[in-house]
Structure formats: C-alpha cells, structure tokens
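An overview of the molecular structure
Chain by chain, the residues:
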Amino acid sequence: MRKKLISVMLSVAMTASLLAGCGSEPAQESKPQETTEAAPEQAEGQEEAAEPEAAQPEEAPADNGELPILGAGIYSSTDNFNSYIAKSITGASDGVFQVNVDDGQMDQATQLNQIDTALAKGAVAICVSVVDITAAPAIIQKCQDAGDVPIIFFNKEITDKDVVASYDNLYQVTSTGGDYGAAIQGQMIVDYWNAHPEMDKNGDGKLQMINVMGDPGHTASQPRADYVESTITDAGIGIEVLERDTGMWDTAKAKEKMDAWVSKYGDEIEAVVCANDAMALGVLQSVEAAGFNLEGTDSEQYIPIIGIDALPEMLEKIESGEVIGSVLQDASTQGKVIVAIANNVSQGKDALDGLDFELDTDGSKAVRVPYAAITADNVDVAAANYTE
Ligand code: GAL
Ligand code: CA
C-alpha cells in the first residue's frame, strides 16, 4: 500500500514538473504580435489609454481580435471528460489564440462543417476529438487543402498508422498506454480486495463483478474492459463477471442498465467497474436508489464502484466514500499540451518546443499524458487538475 502511494505521489510530482514547462510559455511567446496593434478598443477607454506603451506585456493583451484563430472542437458537449479538455484548451489559449470550442453534437457532418468554417476564417491550426475516427482522412484533406494547416487529434486516437503517416502536420494528444488506464484501475481493485476482506460478500474467494463498458465503437472500450479483468486475475483473484455491457460513456444510460442489474443481483454484486466516471456516477445513483452505499464502506449494504477520468463531480463521491476511486485522466495537461503544440507548429517551431513531453515512437505521433490512481487518500491530486 505504502509503496503504491509513494509511486503515485512520484508520478504526480512528475506530472506537475512536466507541466511547469508548458503552462505559461505559450502565452508569453505570442505576446509580441498582439501588443503592437492592441490599441483600437482601448483608445476609446479612459484611464488605460493614457499609457499604452507602459502596459505590461505580461498582462492580458488589449484585443483578442488580433490573436490567431485556433479551430477547436469536441465530439460532444454531453461528454463530461471532453468538456474538461475543452475548458483547458480555452484557458490555455488565453492570450495565445482566439478560440471557441465547437460542439460536434455526435454528428460527423456537423463537425466537418465546423472545421470548414474554422479554416475559412483562417484558423492557423485545428484540434479536435473526432466524432468518428474514420473521418480523419477527410479532416486531413481539408487541412491540407487550406494550406497545410496543422491538425492535432485528441482524446479519440487515430489508430490507423497509415492515416497518421499520410500528413506531416499531424499530432495527437491522449493518455498513456494501450490499456487506457485499466491496468491502474484493476490494481486499485486488487488493493481494495486485499485491504477489505468483506468485499468477498459470499466468501467464495472470487470477485462477483459487473463490467460497464464505454461506447463499443471507441478504441478505449474493449481494452479497458479486458485489461481491468486481466489485471485482477493476474493478481490471483478469480472473477465471475455477472454482466459486461455498454453504458455508452453516459450517466443516464449506465443508470438505466444498473437499475435492472441491482434488482436482479442485489447483494451478490461485489464490485462495479466502470470504464469512465460519467457511467460510475449513473451506477452510483442506481445503487443508492436501491438503498446501497448510503452508510459508508463498512456497511453490509455497500457495493464498491470505480471509474476512470477522476472528474470533479466524482471526487466528491470518492471523498465521501460513496465510490472507492477513479483513475485520473489529466484533461488539464492535455488541453495545455494541445494549445502549446498548436502554437509551436503554427509558428514553424518544433511541435514540442518548451514541453517536457515526447512523441510516442510507435507511429502514432502522440503525446501521452500519464494516468494516476485516485482514492480518498489523494483526491487533492486530482482536484489540483481542475483549479486554474
Ligand atoms: C475516454 C474517457 C471517457 C470519454 C471518452 C470519449 O478517454 O475516459 O470519459 O470521454 O474518452 O472519447
Ligand atoms: Ca465473492
């Protein structure tokens, strides 16, 4: 346990120091362009207009309208995790880019139109989480036709290496590893099992679990479902999977499925493993409505639930003990890295200039931001991810 905690703390410290390299630099680098023509709107103002020369280049540029345009989009604003990346992109773009993160509304045609519009407005870079990864070639074509505009794919990794190789000006920003955080999640279950013998409610030495998967069309769904199970069994704990089904990354859908399972299995359920927090929160609503998880982890009426992402809304539930934990997917760092890469490449610099990250050498051209285990012991680590 202690060893684990230390390694988590180390990885957190590492992430923090990696970040130190990218948080502030883009804003400063782009300053020179804005300060020259910043006057028009301020000139009408009163006090500030008196000393434009003296204005600190460090502070907010006078007119965002002078900044280059970053074309940005997420596949759906209903996706909590993607919305946090969007927020980070917006924050990191302050003083660097004009940006308005578009909502693809889970519709590829809509997202392609949004990209057309951004390019038509003169976007110097495009960054998107695609609705459908098979649309990548069409997006690349658009960027190419617009004059080799750089593109950064994030969250939904383009896994076809030929597509990735087809365009020099392409980068990806995601999280570490082909297991998509599930090995960490599996290990957290193992640790919990070892620390809480009462988790084995029926005393058969096996874990009766429900595995709630993400959208089956998503690259992370199958690996998350598989790796969480194999990590548990590799640790010598037998499992019996009561249900393995999709909640489509979605709170309401996961709740609906869990409503049926909790009435079918009730006390037989020894863990619910969810491929993301949005679904874990839906599962929690369902089990609480059925009278579970209302009286702390020691109660007999407790079903351990775990998620991935470590969203702020999940952290409260971890702190209160209503769920056992989550795996931090660092939306904040991802957003900052996306903006830094866009800023670098649009100025002809090396993509990773000023960043302490590397591109994966597996042909993905991806910057991979590390995951981290989050339990009640270190909620603050994940919370720091959302303060700005
Ligand atoms: C995953 C994330 C999910 C969901 C999904 C959508 O990485 O854990 O919560 O956002 O991406 O692409
Ligand atoms: Ca059991």
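Not measured: the values here are computed from a predicted model.

Points about the coordination of the calcium ion (ligand 2)
Summarising the metal site, the calcium ion (ligand 2) is bound by the protein donors D200 (OD), N202 (OD1), D204 (OD), K206 (O), Q208 (OE1), E270 (OE) and E270 (OE), whose distances to it range over 2.2 to 2.5 Å. Sequence spacing of the donors to the calcium ion (ligand 2): D-x1-N-x1-D-x1-K-x1-Q-x61-E. Accessibility expressed as a relative area gives 38% for K206, which makes it partly exposed.

Topic: the site of ligand 1
In the vicinity of ligand 1, the contacting residues are Y75, D79, F81, N82, N155, K156, H218, R224, W249, N276, D309 and Q329. For ligand 1, an oxygen atom lies 2.8 Å from a polar atom in the side chain of R224. For ligand 1, the protein covers 99% of the area, taking 310 Å² as the surface of the free molecule. The cavity where ligand 1 resides is the largest cavity. The class makeup of the residues in the shell around ligand 1 is three nonpolar, five polar and four charged.

Observations concerning the pairing of strand β6 (residues 170-175)
Most of β6 sits out of view: six of its six residues are buried. Of the strand pairs in this sheet, strand β5 (residues 151-154) and β6 are connected by four bridges, and their pairing is parallel. Within the sheet, the bridge partner assigned to I152 lies in β6 and is Y171. Pairing of β6 with strand β12 (residues 366-369) involves four bridges; the strand directions are parallel. Within the sheet, the bridge partner assigned to V173 lies in β12 and is V367.

Topic: the side chain of N378
Among the structural elements, N378 can be located in the loop between β13 (372-374) and α15 (379-383). Reaching out from N378, the side chain makes a polar contact with the backbone oxygen of A373 at a distance of 3.0 Å.

Some thoughts on a negative patch on the surface
A contiguous patch of negative charge on the surface is contributed by D204, E240, D267, E268 and E300. Inspection of the secondary structure assignment puts D267 in the loop between α11 (251-265) and β9 (271-274).

Brief notes about the confidence of the model for the protein
On average, residues of the protein carry a pLDDT of 87, and 83% of them reach 70 or more. This model gives residues 1-64 a pLDDT under 50, and the stretch forms 55 contacts once residues within four places in sequence are excluded.

Regarding the side chain of S129
Mapped onto the elements, S129 comes out in the loop between β4 (125-128) and α7 (136-145). Looking at S129, its side chain comes within polar contact range of the main-chain nitrogen of Y75, at 2.9 Å. Every residue in contact with S129, bar those within four places of it in the chain, is listed here: G73, I74, Y75, N82, Q111, F154 and N155.

Quick look at α7
Those residues of α7 not exposed but buried are A136, I139, I140 and C143. The buried residues of α7 occupy an angular sector of 100 degrees when projected down its axis, which confines them to one face. Along its buried surface, α7 packs onto α6 (108-120), β4, β5, α8 (161-165) and β6. Directly after α7, the chain includes G147, whose backbone phi takes a positive value near 105 degrees.

So, unusual backbone geometry
Although it is not a glycine, N155 sits at a positive phi angle of roughly 65 degrees. Among the structural elements, N155 can be located in the loop between β5 and α8. Relative accessible area serves as the criterion here: at 13%, N155 is assigned to the buried category. Positive phi, close to 55 degrees, is recorded for A310, a residue that is not glycine. Summarising the element assignment, A310 is placed in the loop between β10 (305-306) and α13 (312-319).

Thresholds applied
Residues numbered from 1 in each chain as written. Chains lettered and ligands numbered in written order. Predicted model: local features only at pLDDT ≥ 70, side-chain atom pairs only at ≥ 80, totals over all residues. Heavy atoms only, no water. Donors = N, O, S within 2.8 Å, 3.2 Å for Na, K, Ca; no water. Buried < 20%, exposed > 50% of the residue type's maximum accessible area, 1.4 Å probe, protein only. Near = heavy atom within 4 Å. Polar contact = N/O pair within 3.5 Å; in protein donor to acceptor, adjacent residues only side chain to side chain. Areas by Shrake-Rupley, 256 points an atom, 1.4 Å probe, with all protein chains shown as cover. 1 Å grid on protein atoms, 1.4 Å probe; cavity = no way out; pocket = protein on both sides within 12 Å on 5 of 7 lines; lining within 4 Å. Sits in = over half its atoms within 2 Å of the grid points. Nonpolar A, V, L, I, M, F, W, Y, C, P; charged D, E, K, R; others polar. Helix = DSSP H or I, 4+ residues; strand = E, 2+ residues; numbered from the N terminus. Pairing = 2+ DSSP bridges. Patch = residues over 30% accessible without salt bridge, like charges linked within 9 Å, V, L, I, M, F, W, Y side chains within 5 Å. Salt bridge = Lys/Arg side-chain N within 4 Å of Asp/Glu carboxyl O. Lys, Arg positive; Asp, Glu negative; His and termini not counted. Charge placed at Lys NZ, Arg CZ, Asp CG, Glu CD. pLDDT = per-residue confidence, 0-100. Contact = heavy atoms within 4.5 Å. Arc of directions from axis to C-beta.

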